[in-house]
Amino acid sequence: MEGAQEDPAESSSSVPRFAEPAGSARGAEVLPPEESGAAAKKLCGYLSKFGGKGPIRGWKSRWFFYDEKKCHLYYSRTAQDANPLDSIDLSTAVFDCKADAEEGTFEIKTANRIITLKAATKQVMLYWLQQLQMKRWEFYNSPPAPPAAPDAALAGNGPALRLELEQEEAEPDDFLGPVRTPPGLVGVAAALQPVPTMPLALQNISLKHLGTEIQNTMSNIRGNRQAQGTGHGPPGEDPPLSSEPQRAEQPLPSDPSTPADSPKPTPKSSLTANLIQKAKRQNNTFPFFADGLTRSRTAQEKVLALEQQVLMLTKELKSQKELVRILHKALEAAQQEKRATSAYLASAGEKDRLELVRHKVRQIAELGRQLEALEQERDSLVQTASLREQQVQELQQHVQLLMDKNQAKQQVICKLSEKVTQDFTHPPTQPPVPPGAADRDLLSQQEKMEQLKDDMEAYRTQNRFLNSEIHQVTKIWRRVAEKERALLMKCAYLQAKNCQVESKYLAGLRRLQEAVGGEATECSELLRQLIQEALQWEAGEASADGVELSPISEYDEYGFLTVPNYEMEDLKLLAKIQALEVHSHHLLAHEAVERPLRERWAALSDLAPSVELKQLLRAGVPREHRPRVWRWLVHLRVQHLQSPGRYQELLSRGQVREHPAARQIELDLHRTFPSNKHFTCPTSNFPDKLRRVLLAFSWQNPTIGYCQGLNRLAAIALLVLEEEESAFWCLVAIVETIMPADYYSKTLTSSQVDQRVLQDLLLEKLPRLMAHLGQHRVDLSFITFNWFLVVFADSLISNILLRVWDAFLYEGTKVVFRYALAIFKYNEEEILRLQDGLEIYQYLRFFTKTICNSQKLMNIAFNDMNPFPMKQLRQLRTAHRERLEAELHELERLKAEYLETRNSRDPAVPEGCTSEDEGEGGP
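None of the values given here were measured: they were computed from a predicted structure. (Residues numbered from 1 in each chain as written. Predicted model: local features only at pLDDT ≥ 70, side-chain atom pairs only at ≥ 80, totals over all residues. Heavy atoms only, no water.)

Asker: Sorry, what's going on with the packing of helix H21 (residues 724-738) against helix H25 (residues 798-811) here?
Answerer: Helix packing geometry: the angle between the two helix axes and the distance between the axes. Orientation of H21 relative to H25, taken along the N-to-C sense of each, is 55°, at an axis distance of 11 Å. By the angle class used here, H21 and H25 are oblique. Crossing handedness for the pair H21 and H25: left-handed. Residue-level contacts link Cys730, Ile734 and Ile738 of H21 to Trp805, Phe808 and Leu809 of H25. (Axes fitted to C-alpha atoms, helices over the stretch in contact; angles between N-to-C directions. Helix = DSSP H or I, 4+ residues; strand = E, 2+ residues; numbered from the N terminus. Parallel < 35°, antiparallel > 145°, perpendicular 65-115°, else oblique. Left-handed = near helix turned anticlockwise from the far one by under 90°. Contact = heavy atoms within 4.5 Å.)

As structure tokens, this is what we get:
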């Protein structure tokens, strides 16, 4: 059987060659108990396969053999063929049996073809189907080869999954029960049976694999010639029986305890070779050779008798070998005792003899300890065996319960069948019919009932098998999906690492560029070429096989440029570094953060104000849920202002007469997000939508009308919500309900107040940074004023910006302060390294675009900045508003005094100056 287990790719004669196991001394009958048990589990046997073309299309007898290593089902014409004709990949196959098909017919469906097979009986068919299902599941459930560097996160899912599947398999009675092994029709014993005959010998030949057929035929011819040469007689004769010489000539495994003078194993005897070749000749059905056509039933019976005799001789030889082994051990013990006695007698003095006695005593004590240890081990094994017996008893009870359950179901089915039978056999009273006609009707009805019972049984069997097939295929699909998910996670991790390495490489080039400066040397030229290549290189070009999880595209999902289009070479390199870091953080956070977040949002059906919703909004809303969530947040704030048809009414006003702010709105349309393709593409309809939204708001709030910055607020709302009216009400919610009053007025009073509040908060939260900025006379309001006015619309990358807006629309302006402080905290160390005011201003101009880790920024904003009470924010606003209003009043007073002083003066023309009237009156 060892030869039958080899992989077909390793040896051309290994799959599925069965001549030697079937008819030789190495068959299933002569294997040791552990090997014969493994041989009995081999899945092999004869089946009929439907195939061929033209006149020879039909059923062909084939020998099928399953290979466990590859999960392939090989088949050949006979069991003795050296090379298989073809194979069927069972790893991706499904199995089907139809109740209305011919008895024993089933199908194996793969991705490329459908193979129709037929077994001898229905029981053989069910056995093959169940075994094929089991082999397929074992192939998927077998542990994979350990990788060079196993991933702990991935390896943790294996045992739990296997345990769960084993628990599912523990209830097979709900589907198809275990099918008994058909004796003599499957397994190695089937190779001893004659090949099923076909009406035409030519019909059984595979013309598609004619080359393989010829190779198998030549191999059989060579085997027959060798058998004739070693058999010392014609092929039809039986070799003479000689039991005693053949006993010594049986191939046995070497044993180190065999005595040196025992007879050595010799090569195969002529009897073994003749048995092998005779089995080949009897099973060969190739029509061009007469040996396959003249099979003798007597010869086959003789072969079976010889095999039984060989089995008896093998058992006797085993017992003799065991006896020899025991005698060897006894001889060794006697020799040791003899040596010890000789040493004792040869000792000259009493002291030496005493030492020998002590040595023996120590040996006895050591043997006593070993005996105690063995007894303890035996006790533990006895306890383990008792526990196992208890477990077996529990399992037997469970099996008995399941059998009772199945029996109850069968009784219900039988009762229903009997009821149906009674309904048919005892119909309602009808007019009397002739006796002969009634008997005929009764017989026909009984025949129909029998047919219906058979059909019911067939459909019941089909239903059980298909349920089992669906159940197992579903489990396999889940397992494959988990493996695919684990591989995708690993690929994402590797791709993120690749982006990080590339980002470090570009950062190194940038530092080298700063170190070299503007000197024209060979090094600087080489550095320039490397930078050009790095800027032109795309991550997708590195993928030779085209597998790309999430490539770095030119635009993100909202239309913003992934890599900002800077004109300066240094900033271009910085932008590429930033894009790589954003991509790396996105890949690393996709499985660990975004997937659980998406699941939590998907489970959140109804939106209602709560602590959980607040935490979810701070973490960010997934893209597919963001429009729905924003509409709900906007409606929550402007429901008292909304009225049906309000937006269309405001648009109709603009058609009647032009708003004073229409010209400024038109100028700002083309300056809105120049890096977003939706506002720069000539064919895009977003600019028209934005124009209508801004005009409608200017009519909605005449106090403000239009202020620079509103265009970017409305544009963000349009990109997310896409509908004009929803974007309009979002703009209304921000300006009229979230932001303080006068935030977008002509004086921008509230905006100036918030800048002073931010300065106080920075002094409290980041004193070291503020001291550094004060030392270099840096005024942060030049940078942060626009942050508050447009809620970071021009500052942060879109991925982080929209997360800020998610929390901002729910919690209000406090979120803007939190993120402003978090941005400075995020880059505090970089700012502290700069020691020049101009460098600090240049860095502050674009440093918000370098923030890539949204998770880190969110943790700083909502965790590191705590405590952040709203009461403190209101108090600071009130105090700074009073100071600002006092300053404005003082400025107004000074302005009024100046105007009054200027008007009170005499507008006389100083000496030496010519008045305008005199100038005009000249010639």
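Next comes the rest of the write-up.
Asker: Any chance you could explain the packing of aromatic side chains here in plain terms?
Answerer: The description of an aromatic ring pair uses the distance of the two centres, along with the angle that the planes make with each other. Summed over all chains, the structure comprises 19 aromatic pairs. With a centroid separation of 5.2 Å and 70° between ring planes, the pair formed by Phe50 and Trp59 is classed as edge-to-face. Following the ring pairs from residue to residue traces out a cluster consisting of Trp787, Phe792, Phe824, Tyr843, Phe846 and Phe847. Here the basic side chain of Lys689 rests over the ring of Phe686, its NZ or CZ set 5.3 Å away from the ring centre. Across the ring face of Tyr826, the terminal group of Lys856 is positioned such that the distance to the ring centre comes to 4.6 Å. (Phe/Tyr/Trp six-rings, centres within 6.5 Å; stacked < 30°, edge-to-face > 60°. Lys NZ or Arg CZ within 6 Å of the ring centre and 35° of its normal.)

Asker: What am I meant to see in the packing of helix H20 (residues 710-721) against H21 here?
Answerer: Where H20 meets H21, the axes come as close as 8 Å, and the angle between the chain directions of the two elements is 135°. Between H20 and H21, the angle is such that the two are oblique. The two elements H20 and H21 meet at a crossing, and its hand is right-handed. Along the contact surface, H20 presents Leu710, Leu713, Ala714, Ala717, Leu718 and Leu721, while H21 presents Glu724, Ser726, Ala727, Cys730, Leu731, Ile734 and Val735. A class-by-class count of the residues in the contact of H20 with H21 yields 11 nonpolar, one polar and one charged. (Nonpolar A, V, L, I, M, F, W, Y, C, P; charged D, E, K, R; others polar.)

Asker: Is there a simple way to explain the confidence of the model for the protein chain in this structure?
Answerer: Here the protein chain averages 76 in pLDDT, and 71% of its residues register 70 or above. For the stretch residues 1-40, pLDDT sits under 50, and the model shows 99 contacts to residues farther than four places along the chain or on other chains. Below pLDDT 50 for its whole length, residues 539-550 participates in 15 contacts with residues either more than four positions away or in separate chains. (pLDDT = per-residue confidence, 0-100.)

Asker: Is there a simple way to explain the sheet that holds strand S2 (residues 58-67) in this structure?
Answerer: Adjacent strands of a sheet form backbone hydrogen bonds with each other and so pair up, either parallel or antiparallel. Taken in spatial order, the seven strands of this open sheet run S4-S3-S2-S1-S7-S6-S5, and their pairing is antiparallel. The open sheet terminates on both sides in strands that have one partner only, identified here as strand S4 (86-89) and strand S5 (94-96). Within this sheet the neighbouring strands show an average axis-to-axis angle of 35°, counted without direction. Pairing of S2 with strand S3 (residues 72-76) involves five bridges; the strand directions are antiparallel. Looking across to S3, one finds that Asp67 is bridged to His72. (Pairing = 2+ DSSP bridges.)

Asker: Help me understand H25, please; the structure alone is not making it clear to me.
Answerer: Working note: α-helix, 3.6 residues per turn, so residues spaced by three or four point in the same direction. Over its 14 residues, H25 runs 20 Å from end to end, which matches the ideal 20 Å to within 8%, given 1.5 Å per residue. Immediately downstream of H25, the backbone of Gly812 shows phi near 100°, a positive value. (Expected span 1.5 Å × (residues − 1).)

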